[in-house]
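Architecture at a glance
Here is how the chains run, residue by residue.
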Amino acid sequence: MNRDASAVLVAHGTRKPGGVDMIGQLAERVSDLLDREVHVAFVDVLGPTPSEVLDRLPADRPAVVVPAFLAGGYHVRADVPAHVEASTHPAVTVTPPLGPCHGTVRVLADRLQESGWRPGDSVVMAAAGTSDRSAQSDLRQTAAMLSALIGDRVELGYAATGTPTVADAVQVARAHGRGARIAVASYLLADGLFQDRLRNSGADLVAEPLGIHPGMVRLIASRFRRAAAVRLSTAA
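Computed from a predicted structure; not experimentally measured.

**Observations regarding the overall build of the protein**
Counting its regular elements, the protein contains eight helices and eight strands. For a compact globule of 236 residues, the expected C-alpha radius of gyration is about 18 Å, and the protein comes in at 18 Å, within 12% of that figure. Viewed in the frame of its principal axes, the protein has a C-alpha envelope of about 60 × 30 × 30 Å. With 236 residues in all, the protein has 52% of them scored as buried. The long-range fraction of contacts in the protein, counting pairs at least 24 apart against all pairs at least 6 apart in sequence, stands at 75%. Carbon and sulfur atoms provide 50% of the accessible area of the protein, an area that totals close to 10800 Å².

**With respect to the packing of helix α4 (residues 102–114) against helix α5 (residues 133–150)**
Across the interface, α4 lies against α5 with an axial gap of 10 Å and an inter-helix angle of 60°. Between α4 and α5, the angle is such that the two are oblique. In this structure, the crossing between α4 and α5 has a hand that is right-handed. On the side of α4, the interface is formed by His102, Val105, Arg106, Leu108, Ala109 and Leu112, while α5 contributes Thr142, Met145, Leu146, Leu149 and Ile150. Residues that form the contact of α4 with α5 fall into these classes: eight nonpolar, two polar and one charged.

**Thoughts on the domain arrangement of the protein**
Looking at the protein, the domain boundaries give domain 1 (6–99 + 213–235) and domain 2 (102–206). Each side of the interface is counted separately: domain 1 has 19 residues, and domain 2 has 18 residues. Carbon and sulfur atoms supply 64% of the area buried between domain 1 and domain 2, which totals about 1500 Å² over both sides. It is Lys16, Leu70 and His213 in domain 1 that bury the most area against domain 2; as a group they hold 41% of the surface buried on that side. Put simply, domain 1 and domain 2 have three salt bridges between them.

**Overview of the pairing of strand β3 (residues 63–67)**
Of all five residues in β3, five are buried; the element is thus mostly enclosed. Alternating positions in β3 separate into two faces, Ala63, Val65 and Pro67 on one and Val64 and Val66 on the other, with burial throughout. Sheet analysis places strand β1 (residues 6–11) next to β3, joined by five bridges and oriented parallel. In the strand pairing of β3, Val10 is matched with Pro67. Read from β3 through helix α3 (residues 74–86) to strand β4 (residues 92–94), the crossover connection turns out right-handed.

Rules used in this analysis
- Residues numbered from 1 in each chain as written.
- Predicted model: local features only at pLDDT ≥ 70, side-chain atom pairs only at ≥ 80, totals over all residues.
- Heavy atoms only, no water.
- Helix = DSSP H or I, 4+ residues; strand = E, 2+ residues; numbered from the N terminus.
- Rg over C-alpha atoms; globule rule 2.2 N^0.38 Å.
- Buried < 20%, exposed > 50% of the residue type's maximum accessible area, 1.4 Å probe, protein only.
- Contact = heavy atoms within 4.5 Å.
- Areas by Shrake-Rupley, 256 points an atom, 1.4 Å probe, with all protein chains shown as cover.
- Axes fitted to C-alpha atoms, helices over the stretch in contact; angles between N-to-C directions.
- Parallel < 35°, antiparallel > 145°, perpendicular 65-115°, else oblique.
- Left-handed = near helix turned anticlockwise from the far one by under 90°.
- Nonpolar A, V, L, I, M, F, W, Y, C, P; charged D, E, K, R; others polar.
- Domains from an automatic or database assignment.
- Buried area = accessible area lost by both parts, 1.4 Å probe.
- Salt bridge = Lys/Arg side-chain N within 4 Å of Asp/Glu carboxyl O.
- Pairing = 2+ DSSP bridges.
- Right-handed = clockwise from strand over helix to strand, strands pointing away.

Written as structure tokens, this is what we have:
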């Protein structure tokens, strides 16, 4: 990554300390790959906000913001740009979110395998949920990509906003007898209340959130590098 660019990772935020720690660990591991500090900001629940972080960074260096969201919903379309606009930083590049993306889906499949999933098990991909139509489309696309990767049907369930809930999707899969076991693929970035809901959904297997999986670390580092390189070439 261009050593003249500052790096900011923007996440949602959670009241669960383990989830906050996981985001911090993710940023640290990306920092190690980039050989520079990755600053962390949150758009909800806790701070610092993206605008607060950007205001602290050197104004004479460009800044790259990676939205650590798995679909292009309201936080990506509205919150992050609003924080960038509200900041005093003169040169900010915002990358696409982390999904839908083939790299993210490969991590999703890895986590599913780590949980003990075997071909033939019924799979529910569990997302936080959203009322944003474009984000809903992103989630359906991701579920289809996961289905193609594992070679089996994948249902979509939601931990918060949207239907069916993860628990309902698990019940339907069990009632229809699709597979001897029900596995939930967690399409969440970090541990928190929503991951707890997955664990309580009645599934036989629940994958861990994507979190600090090496594939996520590499994907985020790549986002920073590419955006910094594009800005450098444009400036030249």
